[in-house]
Amino acid sequence: QVNLVESGGGLVQPGGSLRLSCAASGNIPSIYVMRWYRQAPGQERELVASISSGDSTYFANAVKGRFTISRDNAKNTVYLQMNSLKPEDTAVYYCNADIGSTYFARDRYWGQGTQVTVSS
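So, a few notes on the structure that sits alongside this text. Here the structure is a predicted model, which means the values were calculated and not measured. (Residues numbered from 1 in each chain as written. Predicted model: local features only at pLDDT ≥ 70, side-chain atom pairs only at ≥ 80, totals over all residues. Heavy atoms only, no water.)

**Considerations on the overall build of the protein**
Logical step 1: Within the protein, the secondary structure is distributed over zero helices and 11 strands.
Logical step 2: The order of α-helices and β-strands along the protein, N terminus first, is β-β-β-β-β-β-β-β-β-β-β.
Logical step 3: In terms of overall dimensions, the protein has a C-alpha envelope of 45 × 25 × 25 Å along the principal axes.
Logical step 4: For the protein, with 120 residues in total, the buried portion stands at 43%.
Logical step 5: Of the contacts made within the protein by residues no fewer than 6 positions apart, 55% connect residues no fewer than 24 positions apart.
Logical step 6: Measuring between centres, the 11 positive side-chain charges of the protein sit 3 Å from its 9 negative side-chain charges. (Helix = DSSP H or I, 4+ residues; strand = E, 2+ residues; numbered from the N terminus. Buried < 20%, exposed > 50% of the residue type's maximum accessible area, 1.4 Å probe, protein only. Contact = heavy atoms within 4.5 Å. Lys, Arg positive; Asp, Glu negative; His and termini not counted. Charge placed at Lys NZ, Arg CZ, Asp CG, Glu CD.)

Structure below.
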C-alpha cells in the first residue's frame, strides 16, 4: 500500500509564489519518475512537470521559467516551486509517482490533489 499526500496549496495573488509538496509513504522499494499534473474546471488534466530518479526534468511550456521541480529521495518527497503565478495557474494540482521494486514492475500512484487559486 502506497499513499501520496500533497500539501502547500492555497490562495495567492497574481505574481506570488507557492511551494507544493508531495510525500509518499507505505511500501516503497524505489521511486522512479515523479510528476505534477493540474486540472482546471472544465479542462483535462495536464502534465505540468516531472523529475526522474536521475533528476532529469520536464516542464510544460506554460510554466517554463516560472516553476521548478525537485525531489528529496531520503524523504520520498517531490516539490513544485511556483513563482510569478498567474490566474491561469488556478487548478487542482496532483502529484503522481512510479513506484516499484524494479523499473519494469512499477505502478503509478496518485495523490488526492491540492487546490491552488491565483486571484486578487
